[in-house]
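Overview (structure and organization)
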Amino acid sequence: MTKYQKIAVRLKEQIADGTYGPGAKLPSEQELREQFGVSRQSVRKALEVLESEGLVRGYQGKGTYVVDPVREEQGKSKRIAVVTTYVDNYIFPKIIQGIEQVLSGEGFQVQISFTNNRIRKEEEILESLLDQGLRGLIIEATKSALPNPNLGLYRKLLEQGVQVLFLNSGYPELDCPVVALDDREAGRCAARYLLDMGHKEIGGLLKSDDGQGLRRYEGFLSELQKAGVHSDDNRFVWYDTGDIGHFDLMERRLLERLSGCTAVLCYNDVAAVEFMELLKRNGIRIPEDLSIVSIDDTDLAEYGDTGLSSVHHPKERLGEKAARQMLAMVRRRGNEGQNEGYEFDVWLAKRESVRRLR
């Protein structure tokens, strides 16, 4: 250990044990030189280490002081923006509720916006946030499977010191944490269930412009291959955000591509419910003629004539986790509480939409 490292370690110990409490002034450089018998350069380097870790702050002509987290917190912005793709339906109200409860309970102001999963809307929101003195941004990436022209706006926010955390899916180009369902494992879980129920002629209805769709497909396919089941590529139908609510325009393609399947994985409950209505119009019974498994386990899964088997999404717990992670990010000192993502474990809510084959 070098001389400056020994000084830094000793001073950190004294800060930790209260010898130098919050707001206390450290000995002068000259006093530290005499105390440790080292050069001015070693003392300055040790103080630079402590300052880089957020433990002390030096003031020209005044000296070096131990950081007072409470006082510093009081002087900082309490505004955190929350941006989701949608806000008033599906899984989003519960996610937002989980975020809002935690952050409001800690005295932060929560500003909510939504993009409708549109790149232009995301751009407008990010531009509006640049001059608002934000402390943090919790955001769901827009069309995260596609190249995004708004990365420069995210980088500007990061340069301003705004902490950025993604929900459900992020952008690989940005080194920001993501709090999400383990989407690959969700796909694997759905595949295992269909395999356990005797299905081998399996297809999928998946979303192409969100990263979750790609990861769910990846996990689903890997589990089928692991079991020696090689599903035909033509039995996987991809749709994007613009197709939601318009599966009737895809009716012929869906029925032709998925004919011969005994079971189908749907990207989420919204897609599953719309697909099930299309099947019903065409006299195809669930689960007698075709089994359906989905992901997200929302209220939609319990509506209708046939309950939908669906991999559970944690929703409110995900929101709470994201909020706590954001609090750790905005309050961290130096390297403490580094940006870390989190993936929730999965489990399947079994209902009547999957039939066991003999």
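**Looking at the overall build of the protein chain**
- Check the secondary structure of the protein chain and you find twelve helices and 14 strands.
- For 358 residues, the compact-globule estimate of 2.2 N^0.38 gives 21 Å, and the protein chain exceeds it by more than 25% at 26 Å.
- Considered along the principal axes of its C-alpha atoms, the protein chain spans approximately 90 × 40 × 35 Å.
- Taking all 358 residues of the protein chain together, the buried fraction comes to 49%.
- Put simply, 74% of the contacts in the protein chain that link residues at least 6 apart link residues at least 24 apart.
- When the accessible surface of the protein chain is summed, it comes to about 17,500 Å², and 45% of that surface belongs to carbon and sulfur atoms.
- In the protein chain, 50 positive and 56 negative side-chain charges are present, and the distance between their average locations comes to 5 Å.

**Re the packing of aromatic side chains**
- If you walk through the whole model with that rule in mind, you get eleven aromatic pairs.
- Here Y154 and F166 contribute two aromatic rings whose centre-to-centre distance is 5.5 Å and whose plane-to-plane angle is 45 degrees, an arrangement assigned as tilted. Pair noted here: Y154 is in helix 7 (residues 151-159) and F166 is in strand 6 (residues 163-167), with a separation of twelve residues, a long-range link.
- Pairing Y217 with W238 gives two aromatic rings, centres 5.1 Å apart and planes at 75 degrees, and the pair type is edge-to-face. Highlighted residues: Y217 in helix 9 (residues 211-226) and W238 in strand 9 (residues 236-239), separated in sequence by 21 residues.
- Residue classification places W238 among the partly exposed positions, given a relative accessible area of 28%.
- An aromatic cluster is built from Y217, F220, F236 and W238, whose rings are joined through pairwise contacts.
- Positioned above the aromatic ring of F108 is the side chain of K78, whose terminal nitrogen or guanidinium carbon lies 4.2 Å from the ring centre.
- Across from the ring centre of Y267, 4.9 Å away, lies the NZ or CZ of R216, which sits over that ring.

**Quick notes on the environment of D209**
- Along the chain, D209 turns up in the loop between strand 8 (202-207) and helix 9.
- Residue D209 is classed as buried on the basis of its relative accessible area of 3%.
- Distance from D209 to G136, taken between C-alpha atoms, is 26 Å for residues 73 residues apart in sequence.
- In contact with D209, not counting residues within four places along its chain, are N117, K143, S144, A145, L146, D240 and T241.
- Of the polar contacts made by the side chain of D209, one reaches the side chain of T241; its length is 2.8 Å.

**So, the packing of helix 5 (residues 92-105) against helix 12 (residues 316-331)**
- Two elements in contact, helix 5 and helix 12, have axes separated by 7 Å at closest approach and are oriented at 35 degrees. Regarding helix 5 and helix 12, the two cross each other, and that crossing is right-handed. Counted together, K94, I95, Q97, G98, I99, Q101, V102 and L103 of helix 5 and E316, L318, G319, E320, A323, R324 and L327 of helix 12 form the full contact between these two elements.
- A breakdown of the residues in the contact of helix 5 with helix 12 according to their chemical character gives seven nonpolar, four polar and four charged.

**Describing the layout of surface pockets**
- Taken as a whole, the largest pocket holds about 490 Å³ of empty space.
- Around the largest pocket sit 27 residues that line it, and Y86, Y90, F92, N268 and V270 are the ones nearest its centre.
- Among the elements of the structure, helix 9 and helix 11 (269-281) are those that each provide at least two residues to the lining of the largest pocket.
- Per-class residue counts for the lining of the largest pocket are twelve nonpolar, nine polar and six charged.

**What about the environment of M326?**
- Position of M326 relative to the elements: it lies in helix 12.
- For the pair M326 and H199, spaced 127 residues apart in sequence, the C-alpha separation works out to 42 Å.
- In this structure, M326 is in contact with I80, G136, L137, I138, Q163, V164 and L165, ignoring residues within four places of it in sequence.

**Considerations on the sheet that holds strand 14 (residues 348-349)**
- As summarised here, the arrangement of the six strands in space is 9-8-10-11-12-14, forming an open sheet in which the pairing is mixed. In the strand order of this sheet, the two ends are held by strand 9 and strand 14, each with one partner.
- For strand 12 (residues 309-312) and strand 14, the ladder comprises two bridges, and the chain directions are antiparallel. The partner of V311 across the bridge, within strand 14, is L348.
- The sheet strands contacting helix 9 are strand 8, strand 9, strand 10 (263-266) and strand 11 (291-296), and the helix crosses strand 8 at an angle near 165 degrees.

Rules of the game
Residues numbered from 1 in each chain as written. Predicted model: local features only at pLDDT ≥ 70, side-chain atom pairs only at ≥ 80, totals over all residues. Heavy atoms only, no water. Helix = DSSP H or I, 4+ residues; strand = E, 2+ residues; numbered from the N terminus. Rg over C-alpha atoms; globule rule 2.2 N^0.38 Å. Buried < 20%, exposed > 50% of the residue type's maximum accessible area, 1.4 Å probe, protein only. Contact = heavy atoms within 4.5 Å. Areas by Shrake-Rupley, 256 points an atom, 1.4 Å probe, with all protein chains shown as cover. Lys, Arg positive; Asp, Glu negative; His and termini not counted. Charge placed at Lys NZ, Arg CZ, Asp CG, Glu CD. Phe/Tyr/Trp six-rings, centres within 6.5 Å; stacked < 30°, edge-to-face > 60°. Lys NZ or Arg CZ within 6 Å of the ring centre and 35° of its normal. Polar contact = N/O pair within 3.5 Å; in protein donor to acceptor, adjacent residues only side chain to side chain. Axes fitted to C-alpha atoms, helices over the stretch in contact; angles between N-to-C directions. Left-handed = near helix turned anticlockwise from the far one by under 90°. Nonpolar A, V, L, I, M, F, W, Y, C, P; charged D, E, K, R; others polar. 1 Å grid on protein atoms, 1.4 Å probe; cavity = no way out; pocket = protein on both sides within 12 Å on 5 of 7 lines; lining within 4 Å. Points joined across faces, edges and corners; volume = space filled by probe spheres on them. Pairing = 2+ DSSP bridges.

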